[in-house]
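Below are the chains, spelled out letter by letter.
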Amino acid sequence: MPHPSKPNDSNPSDEKRKGTIKQVYQSIKDKDDGHSHARKFMMKDQLRLVFWETTAGCNLECVHCRRLDVAHEMMKSDLTTEQSKQLMDNIAAESKCILVLSGGEPLFRPDIYELAEYGHSIGLTMALATNGTLVTHEVAQKIVDAKIQRVSISLDGASAQTHDKFRNLPGSFESAMRGLKNLQALGMETQINSTIAKHNVHEVKQLYQNAIDLGVEALHIFMLVPVGCGVKIADDAMLEAEKYEEVLNWFYEISREGKIQTKATCAPHYFRIMRQRAKKEGITISPKTHGMAAMTKGCLAGQSICFISHKGEVFPCGYLPVEAGHVLKQPFTEIWNKSQVFTDLRDQDKLGGKCGVCEYKKVCEGCRARAFFDTQGDYMAEEPYCIYEPTSIKQALDGK
Ligand code: SF4
Ligand code: SF4
């Protein structure tokens, strides 16, 4: 079903365009009336973020990569410049959202700066997700000139040893750090993305300290989802549900310190933990007390975010391989508003297992991709990596 906004509604996406991503979040946090802003950000099924795999080509072969097609150069099936601009027009027609140019390695695309500038010119907020290794001074300047607002760099450990092992390339940690500093020297907003799994969980505290010392704007931690290359390592790399709980509780504590923007991504039950902890502490959650986390919820796949593959397939997120449509066959707006998979994901009554009866389902929903992987296909099944027992189940077991 379509999600028209009334002409006089102030769209959260429009608000984002009044400043850098950091300034917008800060202004929301500073407002006394944080709740109304939070409500606008959480407007139902409003497209806020599109991750676009601009190419499947990449210079690295990370062991946890979500890519299904792995290549060391641009692929013939990558969208052309013209197809890409048309896609951006279609996205902007739906929402002036944030468009993250990702990959593979987006800097493999010679037209990436042209595409970024084009996206900016039609009202999208442009961001870039890179492994950082190709960001020389010259490249950093081009990124700034292309009006990209924020660059996220993936770091999979606090040390070169851990990161390089996972990235399958010695020296990749050093080059990523160099890339980060080249961007910062030009005043670019930077963010560190980190996939947390068994190989690096022992370094997570140091990673947080490094992020502060490096002066990045944000640290986003991702919980491994067993898709693409990640399938092969899932058994060895996935954290146990209890460890997951421990890391997310720690993440809650550091998030409350407010030293840096923090976000637990693809860890939906963080939003349950946040509420449990805040209740215990007697705090009402607002952007002022809990920052960005107060403005959003757990799994946003197909509700506020989606992922577009290098060929043009549209997925709920980069980790849930259920195709919602193809932008070369159908306008993006039609896919976003009408596809069956998005319709399912927007209907919480369809959640299965314990997620379906959980009192936190509205703010959490569990990871649909991990449910898909665990059940070999049911993306509405319960999240397999959550230890919480919903009250209704507890009561039934207690015979109440
Ligand atoms: S299904 Fe939701 S929580 Fe899971 S990886 Fe996708 S966006 Fe993240
Ligand atoms: S049971 Fe499901 S909805 Fe409830 S907190 Fe766990 S993952 Fe979230």
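Structural notes on the overall build of the protein chain
Right, so step 1: Within the protein chain one finds 18 helices and 10 strands.
Right, so step 2: In the protein chain, which comprises 400 residues, the proportion classed as buried is 47%.
Right, so step 3: Across the protein chain, the fraction of contacts at a sequence separation of at least 24, relative to all contacts at a separation of at least 6, is 70%.

A few points about the environment of Ile305
Right, so step 1: Position of Ile305 among the secondary structure elements: in strand 8 (residues 305-308).
Right, so step 2: In this structure, the C-alpha to C-alpha distance between Ile305 and Pro316, residues 11 residues apart in sequence, is 6.9 Å.

Focus: the confidence of the model for the protein chain
Right, so step 1: In this model, the protein chain carries an average pLDDT of 86, and 82% of its residues clear a pLDDT of 70 or more.
Right, so step 2: Across residues 1-18 the pLDDT falls below 50, and counting only partners more than four positions away or on other chains, this stretch makes 25 contacts in the model.
Right, so step 3: This model gives residues 32-41 a pLDDT under 50, and the stretch forms 15 contacts once residues within four places in sequence are excluded.

Description of the pairing of strand 6 (residues 218-223)
Right, so step 1: Looking at chain direction, strand 5 (residues 189-196) and strand 6 are connected through 6 bridges and run parallel. Considered in strand 6, the bridge of Ile192 is made with Leu219.
Right, so step 2: Crossover strand 5 to strand 6 through helix 9 (residues 204-214) is right-handed.
Right, so step 3: Here 5 bridges tie strand 6 to strand 7 (residues 261-265), and the two strands are oriented parallel to one another. The residue of strand 7 that forms the bridge with His220 is Lys263.

As for helix 7 (residues 160-167)
Turn by turn, an α-helix covers 3.6 residues, leaving residues three or four places apart pointing in a common direction.
Right, so step 1: Looking only at helix 7, the buried set comprises His163, Phe166 and Arg167. Summarising the axial view, the buried residues of helix 7 lie within an arc of 95 degrees, below the 170-degree limit, and thus occupy one face.
Right, so step 2: Summarising the contacts, the buried residues of helix 7 are in contact with helix 8 (172-185).
Right, so step 3: In the stretch just after helix 7, Asn168 is the one whose phi turns positive, near 60 degrees.

Here's the deal with the packing of helix 11 (residues 241-257) against helix 12 (residues 270-281)
Right, so step 1: Two elements in contact, helix 11 and helix 12, have axes whose closest approach is 10 Å; the angle formed by their N-to-C orientations is 60 degrees. One finds that helix 11 runs oblique with respect to helix 12. Crossing angle aside, the handedness with which helix 11 passes helix 12 is right-handed. Residue-level contacts link Leu248, Asn249, Phe251 and Tyr252 of helix 11 to Tyr270, Ile273, Met274 and Arg277 of helix 12.
Right, so step 2: Considered class by class, the residues forming the contact of helix 11 with helix 12 number 6 nonpolar, 1 polar and 1 charged.

Here we look at unusual backbone geometry
Right, so step 1: A cis geometry characterises the amide bond from Gly103 onward to Gly104, with omega recorded as 20 degrees.
Right, so step 2: Position of Gly104 among the secondary structure elements: in the loop between strand 2 (98-102) and helix 5 (112-121).
Right, so step 3: The phi angle at Cys266 is positive, at roughly 60 degrees, despite the residue not being glycine.
Right, so step 4: Along the polypeptide, Cys266 turns up in the loop between strand 7 and helix 12.
Right, so step 5: Judged by the 22 C-beta atoms lying within 10 Å of it, Cys266 falls in the buried class.
Right, so step 6: Backbone geometry places Glu365, a non-glycine residue, at a positive phi of 75 degrees.

Definitions and cut-offs
- What you see as residue numbers is a count from 1 along each chain, following the sequence as written.
- Here the convention is simple: chains get letters from A, ligands get numbers from 1, in the order in which they are written.
- Local features are withheld for residues below a pLDDT of 70 in this predicted model, meaning they are given only at 70 or higher, and side-chain atom pairs are given and counted only at 80 or more; totals for whole chains, interfaces and linings count all residues.
- Under the DSSP-based scheme used, a helix requires at least four consecutive residues in state H or I and a strand at least two consecutive residues in state E, with every element numbered from the N terminus.
- Every C-beta atom is placed from the backbone, and the number of other C-beta atoms within 10 Å of a residue's own sets its class: buried at 20 or more, exposed at 12 or fewer, partly exposed in between.
- Here, residue contact means that the backbone-derived C-beta atoms of the two residues sit within 7 Å.
- Confidence scores per residue from the predictor, reported as pLDDT, run from 0 to 100.
- Strand pairing is defined by DSSP finding a minimum of two bridges between the two strands.
- Seen with its strands pointing away from the viewer, a crossover is right-handed when the path leading from the first strand over the helix to the second is clockwise.
- The arc in question is the one traced by the directions running from the helix axis out to the C-beta atoms.
- Orientation is described by lines fitted to C-alpha atoms, with helices fitted over the stretch in contact, and by angles between N-to-C directions that extend from 0 to 180 degrees.
- Comment on the angle field: the value is read as roughly parallel under 35 degrees, roughly antiparallel over 145, roughly perpendicular from 65 to 115, and oblique elsewhere.
- Working rule for handedness: look at the near helix, and if it is turned counterclockwise from the far one by less than a right angle, call the crossing left-handed; if clockwise, right-handed.
- Three residue categories are used. Nonpolar comprises Ala, Val, Leu, Ile, Met, Phe, Trp, Tyr, Cys and Pro, charged comprises Asp, Glu, Lys and Arg, and polar comprises the others, including Gly.

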